[in-house]
Each structure stands twice: as C-alpha cells, then as structure tokens.
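Topology and contacts: notes
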Amino acid sequence: MADMLVKLFHLQPDPAAEAALLQNGVRLCRALPPDRDRVIGFVRENFPEFAAEAACAFSHLPAHCWLAVENRAVVGFACYDVTAPDFFGPTAVLASRRRRGIGRALLLRSLLSMKELGYAYAIIGWPAQDALHFYEQAVGAVLIPEDTAGLYRDMI
C-alpha cells in the first residue's frame, strides 16, 4: 500500500465536532507521561501491532499522542512523529466506538499538532485499504504514487 499526503497549511480546528463528542461523554486530551503504561497497555491489548510505535510517542515532551477518553477509559488514540518525522500514525478507535467522529477528531488534533511544529505536509504511512476514503474525506489526503510499502518496506 502506498502512503498518503496531507496539506497541513489549510487545516483548521473543528471545535463543533469536539463539542459534540464532549456532549456524548468523549473528551480528547494529550497523553501525559503518567498515562504511559495505561495507554501502551490499551494499545497492546486492543491493537498489538501498534504497541511499539505508541510507546515511542512518550519519548517526546509533550507526548506525541492524543487520546479519546470516555468515563476515564481510553477508547481511541492517535500518534504522530513516532515512526519517522512528519508521519501520522498509528491510530485506532475501539470497534464499538467507531462512526461517532472520534477517529476524525483524533486525526485532526494530531495533524494540527504537526502543523504547530512547523510541518507544511504530513505523511499517513501505509494506510489500510479500507481507510483511504476516510482520510480523503476527513483531511483531503491524496495517495502518493508508489508500488511498495515506502518506509515500511524494510520492517522485519
């Protein structure tokens, strides 16, 4: 699968979407160092293929990880700048909480954090085939033409 590219200079916050999540009991927050073990545990239990990258998010201060929290429990996460500079991901939301705008809100918060760091573009590395339309619709991401897995091609 090819990577995707997002123009960050056009992105704007969406406070209405976050307010709607909050009304439904879901808040977004940046992961804090004391959250490290709980967040990595959540990722390892629910999305084990992303645990190593999620752990890398805590090597930055502030952590390069946004969380969706419902009733003090993590229901989704999004990381950035962990696999490589300027890369978004990994990200995931519990299957039972999908289609509520959580993934889009986490994506937008992460990409805006990257914009604040001075990036003009972000790379969504090796997105799943069924996520392509989501990224296109949510932030105008476009495929980068390539017939290999890009950065991930050498992964063991």
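Going by the structure above, here's the rest.
This section reports on the structure supplied with the text.

Cut-offs and rules
Residues numbered from 1 in each chain as written. Predicted model: local features only at pLDDT ≥ 70, side-chain atom pairs only at ≥ 80, totals over all residues. Heavy atoms only, no water. Core = buried A, V, L, I, M, F, W, Y, C linked by side-chain atoms within 4.5 Å. Buried < 20%, exposed > 50% of the residue type's maximum accessible area, 1.4 Å probe, protein only. Contact = heavy atoms within 4.5 Å. Phe/Tyr/Trp six-rings, centres within 6.5 Å; stacked < 30°, edge-to-face > 60°. Helix = DSSP H or I, 4+ residues; strand = E, 2+ residues; numbered from the N terminus. Arc of directions from axis to C-beta. Polar contact = N/O pair within 3.5 Å; in protein donor to acceptor, adjacent residues only side chain to side chain.

**Some details on the nonpolar core**
Leu67, Phe77 and Leu111 are the most contacted members of the largest nonpolar core, which totals 51 residues. Not counting residues up to four positions away in its chain, the partners in contact with Leu111 are Val6, Leu8, Leu11, Phe88, Ala122 and Val139.

**Describing the packing of aromatic side chains**
Under the criterion given, the structure shown has 7 aromatic pairs. Joined through ring pairs, the aromatic side chains of Phe42, Phe47, Phe50 and Phe77 make up one cluster.

**Overview of helix α5 (residues 132–139)**
Along α5, the residues that are buried comprise Leu132, Tyr135, Ala138 and Val139. Buried residues of α5, seen end-on, are gathered within an arc of 145 degrees and therefore sit on one face of the element. Exposed and facing more than 90 degrees away from the buried side of α5 are His133 and Gln137. Residues of α5 that are buried make contact with β1 (4–7), β5 (87–93), α4 (102–116), β6 (121–124) and β7 (142–143). Looking at the residues trailing α5, positive phi occurs at Gly140, about 70 degrees.

**With respect to the side chain of Glu70**
Tracing the sequence through the fold places Glu70 in strand β3 (residues 65–70). Reaching out from Glu70, the side chain makes a polar contact with the side chain of Arg97 at a distance of 2.5 Å. Not counting chain neighbours up to four residues away, the residues in contact with Glu70 comprise Asn24, Gly25, Val26, Val75, Arg97 and Arg100.

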